[in-house]
Amino acid sequence: MDLGKPFAEALRKLSKHLDEENVNRNIAVPDGCGKLIVSLRKDGLLVAAVGQEGGLLADEKLKSAGLSEDAITKSLGLYAADITYPVYVMVSSPKGGGDQPAKEAAVASTTKILDFTPTEGKRLGQTPINRYPAFSEHPMWENVQTGLLMMPTRGRFVTARLTKEARDKPAPEMLAKIRALLTDLDGLTKRPTPTESAGATRLEVVFGADPELWHKWRPEIVTLNENLESDPSKDWTVKNAAPKLVYKEAHLLFFFKATGPKPDENKEIEKFMNDGVARIERGLKGLIEPLRKARKDKKGDPKSEEAEVEIDVVDTHLSENFKIMGRRFTDSINNPSDPASVEQQIIAAGPKEQRGGCYAFTQKLQFDWGRISSMSYNRTEEVIGRSLETGNILPNANPCSHIIRARPLKQGVFRALMRQGMSYGQFDQSKSQEEGVFFIGFGGAIRTFQDVLQSMIGDLKNGVRVGGDNLLTDMTHALGGSYWYIPAHNEIFSKDDHKVSRFSFRNERLFEFWDSRSVNGLLFYNSHDYLFTMGTGRYIYGDPPSARTLRVLSASFDRWHNTWFQRHDCPPLPTLQELVPKKDVAAVDALSIPRRKGLAVKYTLTQVFTYATPADVHQRPGSIALEADVFHVLPDEKIVGAMPNFSLGAGKLCMHYLTEAERTSLFLLGVNEAANMGHVVPNYAKALKLGISGIQQEVREKLKQLTDAKPPAAKRQRKQVASEAAPVTAAEDAEVDFYESVLSALDGVVGYLQNWAALVKRTRDRLPKYQTNQIKNLGAVAERLTALTQRAPETFTEAVQLIFSLHCCHHLTGEPIAVGRLDQYLEPFYTKGIEDGSLTISEAQEVIDLLWIKLDERVLQNRFFMPDYADYGTTCVAFRGGNFGQGSATNQWVQQLTVGGFKATDDKAPQDACNPVTLLCLKASRRLPLNAPTLSLRVHSKIGKPYLDEAARAVLSGGAHPILLHDDILCNTLKTSLVRGVPVPLRDARDYACDGCYEPMLAGSTEFMFLSVFTLEVLEMSINMGATYLQAGPQHLRGLKAQPGSWRSPKAADIKTFQQLMEIYRKHLKWQTLNILTAIMSGYGNVWKAAPTPLLSTFIGGCLESGRDMLNGGALYHMLGLMYVGLSSTADSLYALKKLCFDDASAVTTLPRMLHCLQSDWGNQMREYLSDSRSGQVSTEELRKEYQLLREQALALPKVGSGNQELNEIFSQLSEMAVEVCNEVVKDKDSPLQPVLQSIYAKYDRPDRPFTLLLTPGVGTFEGYVAEGLSTGASADGRRASGPISCDYSPATTPLDRDPPSTSLDYGKLMSAYTVGGGAAMRGFSNATPVDMMVAENFGIQPMCDMLGDFAKNKPSSLITVTCADRETYKEASKNVNRYELIRVRTGGWTEFFTAMFPDLQQYQVRRQFVSFPAKN
């Protein structure tokens, strides 16, 4: 866009810096008012008003014609409830030759100060946005040396060795000299202001001292004492590591750092460093012991004579891209740069008044250029462990590579240093090859250096050094270095000394490698930028997570990053029989399978994935807890526990308890101990009301009532088996077995909480006494855990802890379940806490944020290390194991969390259930760049605007959170989903929550089962006489006739009309639906035979009441879901057949010819039987050209989402047909399925409660759009054989062999596909119909608010998901995986990290359709 020269000039003066692409700079404004962020983009000027503490208040695009004050005011009014201070807004217009900024960076004629005052109150819509002070504002940071974090492009290392007399001088005298010298050096430094160009010169000095010497001078420094005393031998690795590392005694270090234009030629930098050395020599005159240093002549040849010098000076430099070793790789990429990471990894622990110091290690290394130059490109990458081109970590890096050995793993945590390796000298006069590298690393403890250096050096075995860092051990020679202590500011200067500069994060910049983010200010590309932005007050919304949250999140990011360096598979679990005493094995085997399952749950939770005492960790099974990394706690955590790495794709491990004979028998049914599906929503409201102890008491009472009602034989004395009070006869009553198994499982939960409380106490007791806040925090955590073993939760934090603990227990024992309606569970605790003053909004937000982080702790970024725990019986979604696309579910943890919607009432008029906790959850999803939990927001036509507005901001943050389900549609469809009997009570229909993906469950009372019908295969059968044709050829002739297969329908040549084709399709659809439903229901009860679920059944309504396991008919509701897969692709294909084969005006071929074309994959697979090689190459080639032309015509036709009315009607007809057929198969009294259903009713009906079957058809591929397309032939829409199918109920993507779409879909036209006939088809799908949309990063907040508002008001679909990221961002992410690690995408049933996806899935995502929504006038 041509803004015009005057206007562009005004902007240039205003922002100080302007480029052609984007500029995002803060501009000074009058005191007491907000900031103004100006971003110049090709399509206009984006203006965002920001308050003093942040908080994006306006997001309006100014065109060259300007924007009126009314428009700005209206925009700001949307956020009036969030504003707690005056907001300064500038509106510039190019009219009249441009406005000239005044001194205060304002345009007088077009500047207004708008004062919005928030409404007082505690409820949503009246509560100001929560604002934490920036982490970087903590007083500790003023105590850090100013240049510590700076990444220089030129440096000078100056070391000095003091004379013995100087070292023995009184400490006050020497400290005074040091203080005076550093004050003098500080006068030489220079720091550009934040508004100055990033290329301005910056000059800093970092001072360090020998740790023992500083300890002598400052013995009161607690941190120093502790670190020195922790290693009394003073064996700091380097002293005994020659020749790989060389110790060189020195006592003082001065590290001069500089950045600026052309640093090697910059006279200002040169003068700074020369003056600095001169001042050091002057300030320490008479105190330095002369060093002997070899002198070189002008040609660089060493001479024998040596000269005395007072100080050792090494000049260093870095290339512009910070690459070393002949510019082969970038060092320091993973340096911590944000407050949370720096505090945890670099700043030494200690009393708060002393914090700010750290340790350092230096080593001068000389490169062996003979070896380096002889290495191939691939060998160089192998030695380094990174791609030389992109800097990406190699996914399967050599264990001896530099990046692996420099990050040793200790107790599940990598030891990290802040590294600054700088080149020095030149090798053989070569400008591209430096002589070597001067390395300096900073860390928070000497032990960290010992661990890192030991890992890099390797181990001595029989006098031979093995392992170690190939780069250090084979490519360099050590010349010398030492350990240093980098004192805090107030260890040198007095607290009130203001003569010397203080550290501020305002002066720090993110390392260039990570300096990449979205223009929208909400979407972050990588964790380094996220933590830096959030921690330093740069988040434009002004409500970053708390410092505690950022610390915990930083640790989680480290765990994610660890998956690049080391595989983390859970080891095999012991069997139940291995855990009980040998003398009791026979007695345990004699117990019923439900009883054994209860014991297995108990032992899994208390002896395998946790342990009671530290001694347990040294032997199995206790060691498994550490190997699986599921038993750890951080001092800052308020919510503790750990999820296993059992994702849907990876599978899970469950304790074996079946006998060999049982396992063999149950193999024939396709089930085993890991058969549990989970995928349901537990009733956590009951757990919060009664507590674990209350539920235990309820179960004991039921067991007592049951046994009291039995004849005397049933009241026999209970015997002891493996310290368990349990009946020992296999013929025990099933209800007694069930209750006993539940008690064992609940004992496991109690033991789990107790073990965690013990771990928390041990962690607390190991903390230094000065970490008072963390000691207090862990003490409170331990008290909460202990209390939860004895009573129901009483506070908001206790309630969250119990929910998360139960959630972990379920997942650890093989039950991947959702969380449920969290805002409804927590609202009473929130209200109570706010009203009695025991809870603040900020505290509640922090607890929710910490819960979010714990739920997403197990992210696997490196797909190469994806474990595979699955076997023939894992996760039996249809009561029998089977194969599915595991690679498409890498980080699917089945952690849906639902908020909003209607309250669970029977009132005719529904009541809005949204509450303050709803908003806390939405804000957590916006501010935390996670893929789980998957947040589902239930909306309705009268939902409050603040919730939709916050949802809009969250969506634009890129996580596809929240997804939006429409209560006005789904509550009604669920109400009428009963197969027999009266409708579902309205209160239950209104109480739904999403299960593992998005299917709506009646929360806390539903068992779930499902399978899918592949509608494209049905279409293949319809035109190919009942056979699918992917395998058409010499072996199967026209194709497969069974599995899947159907009735022998008419030949393609005999199908004369499109209506006839639709009738044939309907019959095949009915046959396939019958086949699938019969397969599901015939297996009902099989999973219970192998894998009862006593723990989960405890929290499913109806189970405790009936004395039956959920999988044995115990639940109140049994939901039968049938997902019709690929409907959009099928509709596109039917439309193509109609236009290309049947319509007189547009037909270009016949149906038989089209069938042959599709069987041969549009001419790409001209196999025998489809063609005859004896007919010659020319004939085959002619046919191929004909089919390829036909494909072009098919691809050019309108597709679902284009707004084509005729196609929309076909799509609607298909949808209605699926619902009708599904109901006919299940409900018609003459249906062949009825005998199967009647047998189930006969077995599970009770006098007081029938077997309540719900039929919930839906549309969904979930994550399987690539995997499910593999078995499908080419389709008439232009899709290739085995290509991906349409995702869920969404428009299909372009084929993988074609470029992504160049234009976006109009939202209105897209939604017209789902509203034909008033959306009748949509209302029949009670299992939801997700419409997955993509939007660009510059979509805009107001358009997103409008789009979500339209969805809520007009009900075009029952479910929409929105992913925000540019197509170009995805393409970059596929190449630069580390720099784009936080890019996420909705994958059907949840959100996945794009860089963790396999390439075919990435290619699919790049080709998805983007959606546009015009802003309102």
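Definitions and cut-offs
Residues numbered from 1 in each chain as written. Predicted model: local features only at pLDDT ≥ 70, side-chain atom pairs only at ≥ 80, totals over all residues. Heavy atoms only, no water. Patch = residues over 30% accessible without salt bridge, like charges linked within 9 Å, V, L, I, M, F, W, Y side chains within 5 Å. Areas by Shrake-Rupley, 256 points an atom, 1.4 Å probe, with all protein chains shown as cover. Salt bridge = Lys/Arg side-chain N within 4 Å of Asp/Glu carboxyl O. Helix = DSSP H or I, 4+ residues; strand = E, 2+ residues; numbered from the N terminus. Buried < 20%, exposed > 50% of the residue type's maximum accessible area, 1.4 Å probe, protein only. Pairing = 2+ DSSP bridges. Contact = heavy atoms within 4.5 Å. Axes fitted to C-alpha atoms, helices over the stretch in contact; angles between N-to-C directions. Core = buried A, V, L, I, M, F, W, Y, C linked by side-chain atoms within 4.5 Å. Parallel < 35°, antiparallel > 145°, perpendicular 65-115°, else oblique. Left-handed = near helix turned anticlockwise from the far one by under 90°. Nonpolar A, V, L, I, M, F, W, Y, C, P; charged D, E, K, R; others polar. Phe/Tyr/Trp six-rings, centres within 6.5 Å; stacked < 30°, edge-to-face > 60°. Lys NZ or Arg CZ within 6 Å of the ring centre and 35° of its normal. Lys, Arg positive; Asp, Glu negative; His and termini not counted. Polar contact = N/O pair within 3.5 Å; in protein donor to acceptor, adjacent residues only side chain to side chain. Expected span 1.5 Å × (residues − 1).

K.L.:
Can you lay out a nonpolar patch on the surface for me, pointing to particular residues and giving the numbers?
P.N.:
On the surface, a cluster of nonpolar side chains totalling about 320 Å² of accessible area is made up of Phe667, Leu668 and Tyr872. Relative to the elements of secondary structure, Tyr872 occurs in the loop between α27 (841-855) and β28 (896-900).

K.L.:
Quick one: what's the story with the pairing of strand β19 (residues 418-424), residue by residue and with numbers?
P.N.:
Within β19, 7 of the 7 residues are buried, leaving the element largely enclosed by the surrounding structure. Of the two faces of β19, the one holding Met418, Gln420, Met422 and Tyr424 and the one holding Arg419, Gly421 and Ser423 are both buried throughout.

K.L.:
Now, about the sheet that holds strand β27 (residues 820-821): what can you tell me, with residues and values included?
P.N.:
Reading across from one edge, β27-β28-β29-β30-β38-β37 is the order of the 6 strands in this open sheet, with mixed pairing throughout. Across the chains shown, the open sheet's two edge strands, defined by having one partner strand only, are β27 and β37 (1330-1335). Where helix α29 (residues 945-959) meets the sheet, its contacts fall on β29 (934-939), β30 (963-966), β37 and β38 (1359-1364), and the angle it forms with β38 comes to roughly 45 degrees.

K.L.:
Could you give me a rundown of the sheet that holds strand β35 (residues 1253-1258), with the residues and numbers involved?
P.N.:
Strand order across the open sheet formed by 3 strands is β33-β34-β35, with parallel pairing between neighbours. Because the sheet does not close on itself, it has two edges, and the strands there are β33 (1006-1014) and β35. Ignoring which end each strand starts from, the neighbouring axes of this sheet average 20 degrees apart. Each of β33, β34 (1117-1125) and β35 is contacted by helix α33 (residues 1058-1082), which is oriented at about 145 degrees to β33, the strand it contacts most.

K.L.:
So what's going on with the pattern of salt bridges? Which residues, and what values?
P.N.:
A complete count under the given rule lists 66 salt bridges for this structure. Here Lys704 and Asp708 are joined by a salt bridge, their closest N and O atoms 2.9 Å apart. With Lys704 and Asp708 both in helix α22 (residues 684-708), this residue pair falls 4 residues apart, about one helical turn. Between Arg1066 and Glu1224 there is a salt bridge, with the nearest N and O atoms lying 2.7 Å from each other. Pair noted here: Arg1066 is in helix α33 and Glu1224 is in helix α40 (residues 1205-1227), with a separation of 158 residues, a long-range link.

K.L.:
If you had to explain the nonpolar core to someone new, which residues and values would you point to?
P.N.:
Counting 378 residues, the largest nonpolar core has Phe254, Phe442, Phe796, Leu822 and Trp852 as its most contacted members. Sorting elements by how many residues they give to this core places helix α23 (residues 734-766) first, with 15 residues. Judged by nonpolar contacts, the second largest core, of 21 residues, contains Tyr525, Val1125, Tyr1370 and Leu1401.

K.L.:
Kindly report on the packing of helix α25 (residues 796-812) against helix α26 (residues 822-836), identifying the contributing residues and their values.
P.N.:
Across the interface, α25 lies against α26 with an axial gap of 8 Å and an inter-helix angle of 150 degrees. By the criterion of interaxial angle, the relationship of α25 to α26 is roughly antiparallel. Crossing handedness for the pair α25 and α26: right-handed. Judged by residue contacts, Phe796, Ala799, Val800 and Ile803 of α25 engage Leu822, Tyr825, Leu826, Phe829 and Tyr830 from α26. Across the contact of α25 with α26, the residue classes break down as 9 nonpolar, no polar and no charged.

K.L.:
Explain the packing of aromatic side chains residue by residue, including any values.
P.N.:
Enumeration over the complete set of coordinates arrives at 49 aromatic pairs. For the ring pair Phe524 and Tyr539, a centre distance of 6.3 Å and an interplane angle of 40 degrees mean the geometry is tilted. Note that Phe524 is positioned in the loop between α14 (489-492) and α15 (527-535) and Tyr539 in the loop between α15 and α16 (547-562), a separation of 15 residues in sequence. As far as burial versus exposure is concerned, Phe524 and Tyr539 are alike and both buried. Seen in terms of ring centroids, Tyr684 and Tyr825 are 6.2 Å apart; in terms of plane orientation they differ by 70 degrees. Their pairing is edge-to-face. Of the two residues, Tyr684 sits in helix α22 while Tyr825 sits in helix α26, which places them 141 residues apart along the sequence. In this structure Tyr684 comes out as buried when scored by relative accessible area, which is 0%. What makes Tyr825 buried here is its relative accessible area of 9%. Put simply, the rings of Phe524, Tyr530, Tyr539, Tyr541, Phe557, Trp560 and Phe1393 touch in pairs and so form one group of aromatic residues. The aromatic ring of Tyr541 is capped on one face by Arg926, whose charged end is 5.0 Å from the ring centroid.

K.L.:
A description of the pairing of β35 should follow, citing residues and the corresponding values.
P.N.:
With 6 of its 6 residues buried, β35 lies for the most part within the structure. Residues Leu1253, Leu1255 and Pro1257 point to one face of β35 and Leu1254, Thr1256 and Gly1258 to the other, with burial holding for every one of them. Where β34 lies against β35, 6 bridges are found, and the strand directions are parallel. Its bridge partner being in β35, His1118 is matched across the sheet by Leu1253.

K.L.:
Tell me about the side chain of Glu491, and please be specific about residues and values.
P.N.:
Within the secondary structure layout, Glu491 lies in helix α14. Look at Glu491: it is buried, it has no salt bridge, and the nearest opposite charge is Arg218 at 5.7 Å. Looking at Glu491, its side chain comes within polar contact range of the side chain of Trp214, at 3.2 Å. Beyond its immediate sequence surroundings of up to four residues, Glu491 is in contact with Trp214, Arg218, Ile221, Gln354 and Tyr485.

K.L.:
So what's going on with the environment of Met325? Residues and values would help.
P.N.:
Note on placement: Met325 falls in the loop between β14 (323-324) and β15 (329-330). Of the residues examined, Met325 reaches a relative accessible area of 1% and is grouped as buried. Linking Met325 and Gln433, residues 108 residues apart in sequence, is a C-alpha distance of 6.7 Å. Once residues within four sequence positions are removed from consideration, Met325 is found in contact with Phe367, Trp369, Ile372, Thr380, Ile384, Glu434 and Leu471.

K.L.:
A description of the side chain of Asp543 should follow, citing residues and the corresponding values.
P.N.:
Counting through the fold element by element, Asp543 comes out in the loop between α15 and α16. At 2.7 Å, the side chain of Asp543 and the side chain of Arg926 are in polar contact.

K.L.:
Talk me through α23; I want residue IDs and the actual numbers.
P.N.:
Three or four residues apart is the spacing at which side chains of an α-helix point the same way, because the helix has 3.6 residues per turn. Between its first and last C-alpha, α23 extends 48 Å over 33 residues, near the 48 Å set by a 1.5 Å rise per residue. Buried residues dominate α23, accounting for 24 of its 33 residues. Sitting at the amino-terminal end of α23 is Asp733, which places a side-chain oxygen 2.9 Å from the backbone nitrogen of Glu735.

K.L.:
Summarise unusual backbone geometry; cite the residues concerned and give the values.
P.N.:
With an omega dihedral of 0 degrees, the bond running from Ala932 to Pro933 counts as a cis peptide bond. Along the chain, Pro933 turns up in the loop between α28 (916-927) and β29. His961 connects to Pro962 through a cis peptide bond whose omega is -5 degrees. Looking at where Pro962 falls in the secondary structure, it is placed in the loop between α29 and β30. The backbone of Trp1162 shows a phi angle near 55 degrees, a positive value even though the residue is not glycine.

Any link to function would need more than the numbers given here.
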